[in-house]
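Each chain is listed here by its residues.
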Amino acid sequence: MPYLLIKGADGSSQEKADVTWEAPFRIGSHPSNDLLIAHPRISPHHVQIRFSSGKFWLEDLESAHGTAVNGIKIRTKMLQDGSDLCLGPPDDDEADIPANHGVDCQFLALVTDPSPAPEGASETGETVLDINFDMDDDDDMGLLSGETCLDKVFPTFIQVDDTGQEIEKHLIDSNVTSIGRSKSNRIVLNNRTASRHHCEIVNRDRAYYINDLDSANGVSVNGNKIKKERITNGDTIQIGYLEFKFCVPGDSGADDGDTPAVQRKSLSELEVLETTASEESGNPFPWVLVIAMGGLIAAMIILILMSTMS
């Protein structure tokens, strides 16, 4: 079983804490955590370790003093066997003050996943499909091109860490895909920085929009905070402290890494711009009509005055 070695203040004493595979392993100063560490720089819900896609991932839960892996502050990071963690690391100007140093740990993981291998898996880790396909059978070919290659048909919503490595992939295969911490969502985010019902992705005739559902920590697209926004292939979406990439198969607008990031405006900003543009490009102000109305009103006033004087 993987475990953490928690180092004492003197650096010599160490305490071992086993890390579970099945559910996120939470660490913090609150008793509800899997590992309770009472330290002034540890937040009540500081960080969690979870196992996904054959790897262990460390996620900072928006802690007050942050988390560092191998000396670098992170939000989400894939852990390697022997990774050095610091919970509540000091700022640069506090590094020489012992009281402001956090809690040092070392992560030690097993090489193999203890969960049983799926039926049909080979010794090399490749999945072997025990199915006889008839290349002339439309049903068989439909199965081959559809269910086994869904990510070639539907867009994918891919969670990435701070270095851009993929953590988890979700298919966007329905008209409305709800995202949040609640288990009632289609995409469940097991992270405290995500609201119970954080946002949703809406498919409108293959045009995809993301809507913020009044979440606590908001949604950003390509670095811009939004309420409603159309998303396209290669867009970066931040939900709370988590980062995702939106990928559409066959879209020629893919981000090839050479294209600079574009700061796009939200739909609300575009609506304001469109309204302003339409006002500026509309018909000129009807001065002739105003002058005519003014003359008519003046004539009526003169008639009223003449009738009162006679």
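Residues numbered from 1 in each chain as written. Predicted model: local features only at pLDDT ≥ 70, side-chain atom pairs only at ≥ 80, totals over all residues. Heavy atoms only, no water.

Observations concerning the sheet that holds strand β13 (residues 166–171)
Strands sit in the order β13-β12-β22-β21-β18-β19 across an open sheet of six strands; the sheet is antiparallel. Edge positions in the sheet fall to β13 and β19 (224–226), since each of these pairs with one other strand and no more. Averaged over all adjacent pairs, the angle separating strand axes in this sheet is 30°, with direction ignored. In terms of strand pairing, strand β12 (residues 156–160) meets strand β22 (residues 242–247) through five bridges, oriented antiparallel. (Pairing = 2+ DSSP bridges. Helix = DSSP H or I, 4+ residues; strand = E, 2+ residues; numbered from the N terminus. Axes fitted to C-alpha atoms, helices over the stretch in contact; angles between N-to-C directions.)

What to know about the environment of V219
Within the secondary structure layout, V219 lies in strand β18 (residues 219–221). The class for V219 is buried, based on a relative accessible area of 0%. The spatial distance from the C-alpha of V219 to the C-alpha of L242 is 9.9 Å, given a sequence separation of 23 residues. Excluding residues that lie within four positions of it along the chain, V219 makes contacts with H198, C199, I210, D212, N224, K225, I226, I237 and Q238. (Buried < 20%, exposed > 50% of the residue type's maximum accessible area, 1.4 Å probe, protein only. Contact = heavy atoms within 4.5 Å.)

Let's talk about the pattern of salt bridges
As enumerated under the stated definition, the model contains seven salt bridges in all. Close ionic contact of R50 with E59 constitutes a salt bridge, the shortest N to O distance being 2.8 Å. Look at R50 and you get buried, because its relative accessible area is 12%. Using a relative accessible area of 1% as the deciding quantity, one classes E59 as buried. Residue D173 pairs with R186 through a salt bridge whose shortest N-O separation is 3.1 Å. (Salt bridge = Lys/Arg side-chain N within 4 Å of Asp/Glu carboxyl O.)

What about the nonpolar core?
Formed by 23 residues in total, the largest nonpolar core has its most connected members in L4, I27, L35, I49, L58, L79 and F107. For this core, the secondary structure elements donating two or more residues are β1 (3–7), β3 (25–28), β5 (47–52), β6 (55–60), β10 (84–87) and β11 (103–108). Looking at which element gives the most residues to this core, the answer is β11, with three residues. Not counting residues within four places of it along the chain, the set of residues in contact with F107 comprises P2, Y3, L4, V19, I49, F56, L79, Q80, D81, G82, S83 and L85. Of all hydrophobic cores here, the second largest spans 20 residues; its members include C199, I226, I239 and L242. (Core = buried A, V, L, I, M, F, W, Y, C linked by side-chain atoms within 4.5 Å.)

A look at the side chain of T193
Relative to the helices and strands, T193 is located in the loop between β15 (187–188) and β16 (199–204). Looking at T193, its side chain comes within polar contact range of the side chain of N191, at 2.5 Å. Among the polar contacts listed, one links the side chain of T193 to the backbone nitrogen of Y241, at a separation of 3.0 Å. If we ignore the near neighbours within four places in the chain, the residues touching T193 are L61, E62, H198, N217, I239, G240 and Y241. (Polar contact = N/O pair within 3.5 Å; in protein donor to acceptor, adjacent residues only side chain to side chain.)

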